[in-house]
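# Summary of the model geometry
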Amino acid sequence: MQTSIIRSTGSWIPEDVITNEELVASYNSYAERFNSDNAAAIAAGAMDEVPLSSAEFIVNASGIERRHVIEKSGILNTDTLVPRIEPRPFEETAFQAECAMKAVTPALEKAGVAGSDVDGVIVASSAQQRNFPGMACEIQDKIGSAGFSFDLTMACASALYGLHIANGMIKSGQAKRILVCSPEIMTCINVHSRRDVHFIFGDAASAILVEADEGREGGWEVLGTHCQNKYSIALRSDFGFLNEAERTVQADYTPGLDQDGHKVFKDVVGFAPTVAKSLMEQIDLAPEDVRRTWLHQANIRMVDMIAKRILGRDRTPENAPAILQEYGNTSSSSVVINFEQHSEDMAAGENGVMCAFGAGYGVGAAAVRKR
């Protein structure tokens, strides 16, 4: 079996930043207006009052202090609460593909690899801008690859599901080099009028270049990957192609992101570590032999608890770094960005474990060794 190597990674973070205080001011303005406009219905019990938020609530609930977003003004506008993206002619690069390329380009440059040498492109993200042609096909065309491409959606675990597929294809000899990119534009999925989720997401893109080991120095050996699912609707996004048809039956139907936060927390904290530990057992990797784990950045308490269960010791910034305080939850790109920002200090021969968990539920894990 061929050994696969993570040759390089790339990432892109938008320049626009929204602090908790800015987000709360916008959200509370919306909530107060809604409650005032619907005071009679709320008083009669026919409608629920929209609760207010605070910066302290956000930090206590998640650990997030700010987030980087593709466009700030539309999110903070109480009449819209969504980013503003100018429509583009079909012949121009799609917005999501453009975001992806800002992570893909540095990944290829760091590896010294031309796009024409890439056998396959996987766009692994929580949602794609369009159903077809695939976003991966557009990115494949832009880099000059003549191989295969496809889109993959597994929520916040998408990037590691893409890595799992790439690792398997390379090990089996079906490809020599695969690019996995995760352009996550989560502020377009989020519902900024719901207190329980309005603060969660930021935007970002990441890329991983995986290749067969042909003797080049450096990189990270992929010791193994593992993915596992457990069905749940406790965290879901209902945006989809059926929505317009549903509105013909129920005109005010408003699909969107929703979650039972307490159930998701309990379920995922119990499930995610078992997937990572199962992988470690498969490859005979003991917790004491893992210097660092890079986790999906969903919630700081989840990061604390899942890291401890994987490593068998308390989480520290050294053994399980956190980046969500700066970026928020950037879905599947977060685990790759975390890895990219907190791996340079590791020495050859040291091991690490990536673990990402999200709606579905889906959990992906990958064990790697610095070369």
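Structural data are supplied above this passage.
Described in the following lines is the structure provided in the data block. These figures come from a predicted structure and were not determined experimentally. (Residues numbered from 1 in each chain as written. Predicted model: local features only at pLDDT ≥ 70, side-chain atom pairs only at ≥ 80, totals over all residues. Heavy atoms only, no water.)

### As for the side chain of His 198
Note the following rule: Secondary structure elements are defined from DSSP: runs of H or I of at least 4 residues count as helices, runs of E of at least 2 residues count as strands, and each element is numbered from the N terminus. Identification of polar contacts relies on pairs of N or O atoms within 3.5 Å, with a donor-acceptor requirement for protein atoms, meaning one able to donate a hydrogen and the other able to accept it, and with residues adjacent in sequence counted only if both atoms are side-chain atoms. Should any heavy atoms of two residues lie within 4.5 Å, those residues are considered in contact.
Checked against the element boundaries, His 198 lands in the loop between strand 6 (177–185) and strand 7 (203–212). For His 198, the side chain forms a polar contact with the side chain of Ser 53, separated by 3.0 Å. Not counting the four nearest positions on each side in its chain, His 198 is found in contact with Leu 23, Tyr 27, Ser 53, Ile 58, Asn 190, Val 191 and His 192.

### Points about the packing of aromatic side chains
Note the cut-off: Two rings belonging to Phe, Tyr or Trp (six-membered ring only in the last case) form a pair when the distance between their centres is within 6.5 Å. Interplanar angles under 30 degrees mark stacking, angles over 60 mark edge-to-face geometry, and anything in between is tilted. The buried label applies to any residue whose accessible area, calculated with a 1.4 Å probe on protein chains only, is under 20% of its type's maximum; exposed applies above 50%, and partly exposed to all values in between. Only when the NZ of Lys or the CZ of Arg is both within 6 Å of the ring centre and within 35 degrees of the ring normal is a charge said to sit over the ring.
The final tally for this structure, using the stated rule, is 6 aromatic pairs. Ring geometry for Trp 220 and Trp 294: centres 5.9 Å apart, planes at 90°, overall edge-to-face. Of this pair, Trp 220 sits in strand 8 (residues 220–229) while Trp 294 sits in strand 11 (residues 290–295), placing them 74 residues apart in sequence. According to the relative accessible area criterion, Trp 294 is buried, its value standing at 0%. When the ring of Trp 220 is compared with that of Phe 339, the centres are 5.1 Å apart and the planes differ by 70°; the resulting orientation is edge-to-face. Linking Trp 220 in strand 8 with Phe 339 in helix 12 (residues 333–341), this pair joins segments that are 119 residues apart in sequence. A residue is classified by how much of its surface remains accessible, and Trp 220, at 7% relative accessible area, is buried. An aromatic cluster of at least three residues, connected via ring pairs, comprises Trp 220, Trp 294 and Phe 339. Positioned over the ring face of Phe 57 is Arg 195, at 4.3 Å from the centre of the ring. Positioned over the ring face of Phe 271 is Lys 230, at 4.5 Å from the centre of the ring.

### A word on helix 7 (residues 158–171)
Operational definition: By this rule the span expected of a helix is its residue count minus one, scaled by 1.5 Å.
Its 14 residues give helix 7 an end-to-end C-alpha distance of 20 Å, which sits within 8% of 20 Å, the value for a rise of 1.5 Å per residue. For helix 7, the buried fraction is high: 10 of the 14 residues fall into the buried class. Turning to helix 7, its buried residues are Ser 158, Ala 159, Leu 160, Tyr 161, Gly 162, Leu 163, Ala 166, Asn 167, Met 169 and Ile 170. Trailing helix 7 by a residue or two, Gly 173 shows a phi angle of about 85°, which is positive.

### Regarding the environment of His 164
Within the secondary structure, His 164 sits in helix 7. On the basis of relative accessibility, which here comes to 30%, the residue His 164 falls in the partly exposed class. Spatially, the C-alpha atoms of His 164 and Ala 234 are 25 Å apart, while their sequence positions differ by 70 residues.

### Re helix 9 (residues 261–282)
The test is simple: In this scheme, the bend at a residue equals the angle between the axes fitted to the seven residues that finish there and the seven that begin there.
Helix length check: helix 9 (22 residues) gives 32 Å between terminal C-alpha atoms against 32 Å at 1.5 Å per residue, within 8%. Most pronounced at Val 268, the bend in helix 9 amounts to some 30°. Among all positions in helix 9, only Val 264, Phe 265, Val 268, Val 269, Phe 271, Ala 272, Pro 273, Val 275, Ala 276, Leu 279 and Met 280 are buried. Downstream of helix 9 by a residue or two, Asp 284 has a phi angle that is positive, lying close to 60°.

### Considerations on the pattern of salt bridges
When their charged atoms lie close together, side chains carrying opposite charge are able to pair. Test applied: Note on definitions: salt bridges are taken to be side-chain nitrogens of Lys or Arg within 4 Å of carboxyl oxygens of Asp or Glu.
By the definition in use, this model includes 22 salt bridges. Between Arg 66 and Glu 326 there is a salt bridge, with its nearest N and O atoms 2.8 Å apart. Here Glu 326 lies in helix 11 (residues 324–327) and Arg 66 lies in strand 3 (residues 66–69), a separation of 260 residues in the sequence. The exposure class assigned to Arg 66 is partly exposed, which follows from its relative accessible area of 30%. Asp 345 is paired through a salt bridge with Arg 291; the nearest N and O atoms lie 2.9 Å apart. Taken as a pair, Asp 345 in the loop between helix 12 and strand 12 (351–358) and Arg 291 in strand 11 lie far apart in primary sequence, 54 residues in all. Assessed through its relative accessible area of 45%, Asp 345 is described here as partly exposed. A cluster of three or more residues bridged by salt bridges with shared partners is formed by Arg 291, Arg 292, Glu 318, Asp 345 and Glu 350.

Function-wise, these values are silent; they only describe arrangement.
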